Structures are given as structure tokens and as C-alpha cells.
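# Coordinates in review
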Amino acid sequence: AGDADAHFRASSVSVYIPSGIGAGYDAYGRLASRHLGRFLPGNPVMVPKNMTGAGGVVAANYLYNVAPKDGSAIALFMAGAPFEPLFGNTQAKFDPLKFNWLISLNRLVNIAIFWHESPVRTPADFFKDQVLIGSSGGGDSSTEVYARLLNNLVGTKFKIITGYTGNGEVMLAMERREVWGIVGTELSSLRATRPDWIRDGKVRIVAQIGLTNSSDIPDVPQALDLIKDGDGRRIFDILLARQEHGRPFALPPGTPPDIVATFRQAFAAMAKDPAFLADANNMRADIVAATGDEVAGLLARTYASPRALVERASAEFKKAAGGN
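Below, the structure is looked at part by part. (Residues numbered from 1 in each chain as written. Predicted model: local features only at pLDDT ≥ 70, side-chain atom pairs only at ≥ 80, totals over all residues. Heavy atoms only, no water.)

## Concerning the overall build of the protein
Helix and strand counts for the protein stand at eleven helices and eleven strands. A compact globule built from 324 residues would reach a C-alpha radius of gyration of about 20 Å, and the protein, at 20 Å, matches this within 12%. Taken over the C-alpha atoms alone, the protein extends approximately 70 × 45 × 30 Å along its principal axes. Looking at the protein as a whole, 52% of its 324 residues qualify as buried. Partitioning the contacts of the protein with sequence separation of at least 6, the portion at a separation of at least 24 is 78%. With 34 positive and 32 negative side-chain charges, the protein shows a separation of 2 Å between the mean positions of the two kinds. (Helix = DSSP H or I, 4+ residues; strand = E, 2+ residues; numbered from the N terminus. Rg over C-alpha atoms; globule rule 2.2 N^0.38 Å. Buried < 20%, exposed > 50% of the residue type's maximum accessible area, 1.4 Å probe, protein only. Contact = heavy atoms within 4.5 Å. Lys, Arg positive; Asp, Glu negative; His and termini not counted. Charge placed at Lys NZ, Arg CZ, Asp CG, Glu CD.)

## Digging into the sheet that holds strand β3 (residues 73-76)
Spatial ordering of the open sheet is given by β2-β1-β3-β10-β4-β11, a layout of six strands whose pairing is mixed. Of all the strands in the sheet, just β2 (45-50) and β11 (290-291) have a single pairing partner and so form its edges. Pairing analysis gives six bridges linking strand β1 (residues 12-17) to β2, with the strands arranged parallel. Each bridged residue has a counterpart across the sheet, and for Ile17 the counterpart in β2 is Asn50. Across the sheet, helix α8 (residues 257-272) is in contact with β1, β3, β4 (100-104) and β10 (248-251); its angle to β4 comes to roughly 5°. Relative to β4, helix α10 (residues 292-303) is tilted by about 110°, and along the sheet it contacts β4, β10 and β11. (Pairing = 2+ DSSP bridges. Axes fitted to C-alpha atoms, helices over the stretch in contact; angles between N-to-C directions.)

## Details of the pairing of strand β7 (residues 158-161)
In β7, alternate side chains face the same way, and those of Phe158 and Ile160 are buried while those of Lys159 and Ile161 on the opposite face are not. Across four bridges, the pairing between strand β6 (residues 131-134) and β7 is parallel. The residue bridging Gly134 from the neighbouring strand is Ile161, located in β7.

## Here we look at helix α11 (residues 307-322)
Taking 1.5 Å per residue, 16 residues should reach 22 Å; α11 reaches 22 Å between its end C-alpha atoms and fits that length. Packing partners of the buried residues in α11 comprise α3 (142-154) and α7 (230-244). (Expected span 1.5 Å × (residues − 1).)

## Focus on the nonpolar core
Counting residues in each nonpolar core, the largest one holds 87 residues, and the members touching the most others are Ile74, Phe114, Phe158, Phe249, Phe263 and Phe267. Setting aside residues up to four positions removed in sequence, Phe158 forms contacts with Phe114, Phe126, Val131, Ile133, Ala147, Leu150, Asn151 and Val183. (Core = buried A, V, L, I, M, F, W, Y, C linked by side-chain atoms within 4.5 Å.)

## Some words on α10
Taking 1.5 Å per residue, twelve residues should reach 16 Å; α10 reaches 17 Å between its end C-alpha atoms and fits that length. For α10, the complete set of buried residues consists of Gly292, Val295, Leu298, Leu299 and Thr302. Buried positions in α10, seen along its axis, are confined to an arc of 135° and lie on one side of it. In α10, those exposed residues whose orientation departs by more than 90 degrees from the buried face are Asp293 and Arg301. Packing partners of the buried residues in α10 comprise β4, α7, β10, α8 and β11. (Arc of directions from axis to C-beta.)

## Concerning the environment of Val45
With respect to the element layout, Val45 can be found in strand β2. With a relative accessible area of 53%, Val45 lands in the exposed category. Distance in space between the C-alpha atoms of Val45 and His35 is 10.0 Å, their sequence separation being ten residues. With residues near it in sequence (within four places) discarded, Val45 still touches Ser11, Ser12 and Val13.

## Things to note about the packing of α8 against helix α9 (residues 274-282)
Relative orientation of the contacting elements α8 and α9 amounts to 65°, with a least axis distance of 5 Å. Residues Met270, Ala271 and Lys272 of α8 form the contact with α9, whose own contacting residues are Pro274, Phe276 and Leu277. Of the residues that constitute the contact of α8 with α9, the class distribution is five nonpolar, no polar and one charged. (Nonpolar A, V, L, I, M, F, W, Y, C, P; charged D, E, K, R; others polar.)

## With respect to unusual backbone geometry
Positive phi values are uncommon outside glycine, yet Asp129 reaches one of about 45°. Mapped onto the elements of the fold, Asp129 is located in the loop between β5 (110-115) and β6. Residue Asp129 is classed as exposed on the basis of its relative accessible area of 70%. A positive phi angle, close to 65°, is found at Arg177, a residue other than glycine. If you trace the backbone, Arg177 turns up in the loop between α4 (167-175) and β8 (181-186). The partly exposed category is assigned to Arg177, whose relative accessible area is 44%.

Next comes the structure, spelled out in C-alpha cells:
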């Protein structure tokens, strides 16, 4: 097992969380902090530390350039942060392929939902007349961006009514029949906020938007299957990579392999642990674990995309986020 100094023996571990207290990332960061210590040698104290800023780039920069490499500091990443260097963000002072990825605890499953009385029943209906959907709008809001990307790249006919304060208000608008649906909301947040909608059939989940079909909704059609053009499909692959591993944890580059292996084993054991899963369930935090190798593999494949496609993906995203 190599040099004796490479063994993990920190008495406390700082867990850097890229968001403020109370947000979704904070919930997952603190959940892991409550349980991981039981699975590490010597049961170290886990200390959650919020380090906000720049969409998770501040925490990523810290882990890459400053944090100790002895296992006494790990970080949770915002899903989009590892892709910032790909799209030319000069504030991102890290190479995501050099982090030691440990696990991701969740996949973000984006869905298109429509009120049961609306005329939209299948993805084919996205191309008929105009399809009224609601969004809080604003920059990178997925409920606006995914619909615009599908309009621009596939030719869907979404008419996006923006200006709602958030998804909750869009859902009220659906109940009032002002809009027919939402494109790009998250399955887990629908379950948490409107469980009766699914239970009572008030909405139809018409499509899912992701690189792989969710095992929770295996029969719901995949929106990407609407894309017949190969380059269009690859652009979506690049843009959707960020939601595939939505809650990834890492150790700094240069951490000894023994310590990396110790943390990977600890996270894998934690993710199956009944007390951890009960705690997650209590918080309505969906756990869909992916290994560190799976996180690293997806990043490597995405970063290996032809530069021209990355630039086109970046341009399409900016166009969709800009509302054109």
C-alpha cells in the first residue's frame, strides 16, 4: 500500500459546500457530513464549511490550488462547475480531469410535464401549433433554456411565458390553465412539492431530458430521441453532461492513491447504509449514486469533444439563455 505516510489519519475532515446554507447542495453536503465519518478510519469529525461564489468555481479553485492533499479536505461540486473550463471561463483555475472524483450522490432528472387537460400527450405534440409553457425565465433557468434549445435545434413549438417568480408559481398557472406545462423541471422537486399531482394523475410526464433514461420513469420518452441531426445530438450530450452526476464530491489532485481509495470505499459504503438512506429519505433527498470512476469518465469524454462542437454548444447555450 505504498509509503506509510500515505495512509489516511486526519482527525477531522473539512467538507466544502459550494452554496449557502439551506440550498439543495447544502442539504447533500451536510447529509454526507453527518454519516461519512463512520466509514473512515478513526471516525474523524466531519466539518461542513460553506464556500459560496461564482457558481461553485470558488470552492473548486480552493480545492484544486489551496486545500491540503492529506484527506483532511474534500469538496462537493455544483453540477456545472467541472464544465466551466470547457466553456472558457477564465475564473476557473483548475483542470477537472485532475481532481480525484469520489462519488456523485444524485442524478438530476429533468422532465417535461403537462396538465392532464392540455392537448399535449406525447413528444410529437411539441411540434403542433404552439405549446404554452411557463418559466421563471432569467439566464440559465433550465425551464427556459431547455425549451429554447429544443426550439432552436429540433424545431419544437414551445411558446415560453416568462416572468413567473419560480416553478411553484408556474405550477399555479398550470392549475389556472394559463399555461399547459413546464419543460425542464426536476423530477425530485416535483415529487417533493406536488406529490399529489403524480398520484392523482393531474399531470402527464410527457418527456425526460437527459443522457440516460431514469430508472424511476423508464417508460417516459427521451426528448433527445427527437433530434435526428448527429451534431445536434452531440451538442445536447455536451450540455446535458452537467446534470448526469449532479452531486459530485472530490479530493484535491495529488492526494495519495491510498487515501483516495479509502474515501471511495467509505462513500460507497455510506451510500448503501440504512441510517444514511433513512436520513436522506427524511429530507426528501434522492440518492442515485455514481462511482468516482463514472464521474471522471463522463468528464473525460465531454472534454474530448471536438472543439468546434464545444464552441457551437456554448454558443447555442448562450443564445438560449439570452432568450433568442
